[in-house]
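# Survey of secondary and tertiary structure
Residues per chain are reported as follows:
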Amino acid sequence: MNKTISVVLSFIFFFFISSIIILSTTGIKTKKFNNFISQKIKENNKKIELDLEVIQFKLDIQEASLFLETDSPKIYYRGILIPSNKLKVYLDFLSIIKSEVKIKKVILNLNQFTVKQLKTLSKSFKPSNFQSFVKNKLIDGKINSEIEFFLDKNNTLNNFITRGQVTDLRIGISKDLELKESSFSFFADRTDILLKNFFGKSEFFTIKEGDLKVDLSSEIKIESNFRSDIIINEEIKK
């Protein structure tokens, strides 16, 4: 009897460990959640359309959470294709057991895209002054970014975090002045926008290092700290 119990427990343990290894690495392919993900995301924003292929059911060991992952999802916002690399949807484990699946958060990893593509997407941006800045001031550049959307118990958008890097950026400051070869990393959520390690140069000055923080929580507040070299008569005055 003891031997039988030992064999059963060993089998259960082996099955449990094997399941964890599979879920945390390759995952289990499924199409069961395709419509669920599309419907739940569209409930929060009817301007979003999703076209998902095979989804992998996986386990994030660090967060002790189950999630769904798909590569190269086709995501349209107001009919415009967003250059997406990977989509992860984290689920509430207890809700799966109760057959009332709820989403905890969604992580969208974007492909590198250009300022030209950003201008196309900016047609749907708000406020309009930000849309105008993208359209009229940004000239060229490359953007890498990831966005995390956090949902509440009702699968309603509660907050978001976006982070990434911008490189080879050209900005038109005025008609005859451009800031070029610019780069920086960024972080933003509903209340703050943070730019770090800002670098850029123009014909008259070079920004060697800079940080900028925009507080959106109540009134808009901007804090900045830049170290620059100003070029006068071909000489640099520090």
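See the structure shown above.
Below is a summary of the structure that appears in this document. Everything numeric here is computed off the predicted structure, so don't read it as measured data.

### A few points about the packing of aromatic side chains
- Under the definition given, this model contains 3 aromatic pairs.
- Aromatic pair Phe 67 and Tyr 90: ring centres 5.0 Å apart, planes at 25°, arrangement stacked. Placement of the pair is Phe 67 in strand S4 (residues 65-71) and Tyr 90 in strand S7 (residues 84-91), with a sequence separation of 23 residues.
- A relative accessible area of 2% places Tyr 90 in the buried class.
- Their ring planes at 85° and their centres at 5.8 Å tell us that Phe 198 and Phe 226 sit as a pair that is edge-to-face. Placement of Phe 198 in strand S13 (residues 192-201) and of Phe 226 in strand S15 (residues 221-232) is noted, with a sequence separation of 28 residues between them.
- The exposure class assigned to Phe 226 is partly exposed, which follows from its relative accessible area of 35%.
- Aromatic ring contacts, followed pair by pair, group Phe 184, Phe 198 and Phe 226 into a single cluster.
- The residue whose ring lies beneath Lys 105 is Tyr 90, and the NZ or CZ to ring-centre distance is 4.9 Å.

### With respect to the pairing of strand S11 (residues 157-174)
- Sheet topology places strand S10 (residues 138-151) next to S11; 12 bridges connect them, and they run antiparallel. What sits directly across from Lys 142, in S11, is Thr 167.
- With 9 bridges connecting them, S11 and strand S12 (residues 177-188) associate as antiparallel partners. The residue of S12 that forms the bridge with Leu 169 is Ser 182.
- Two successive antiparallel strands, S11 and S12, enclose a turn made up of 2 residues.

Reading guide: rules and limits
Residues numbered from 1 in each chain as written. Predicted model: local features only at pLDDT ≥ 70, side-chain atom pairs only at ≥ 80, totals over all residues. Heavy atoms only, no water. Phe/Tyr/Trp six-rings, centres within 6.5 Å; stacked < 30°, edge-to-face > 60°. Helix = DSSP H or I, 4+ residues; strand = E, 2+ residues; numbered from the N terminus. Buried < 20%, exposed > 50% of the residue type's maximum accessible area, 1.4 Å probe, protein only. Lys NZ or Arg CZ within 6 Å of the ring centre and 35° of its normal. Pairing = 2+ DSSP bridges.

This is a description of form; function is not addressed.
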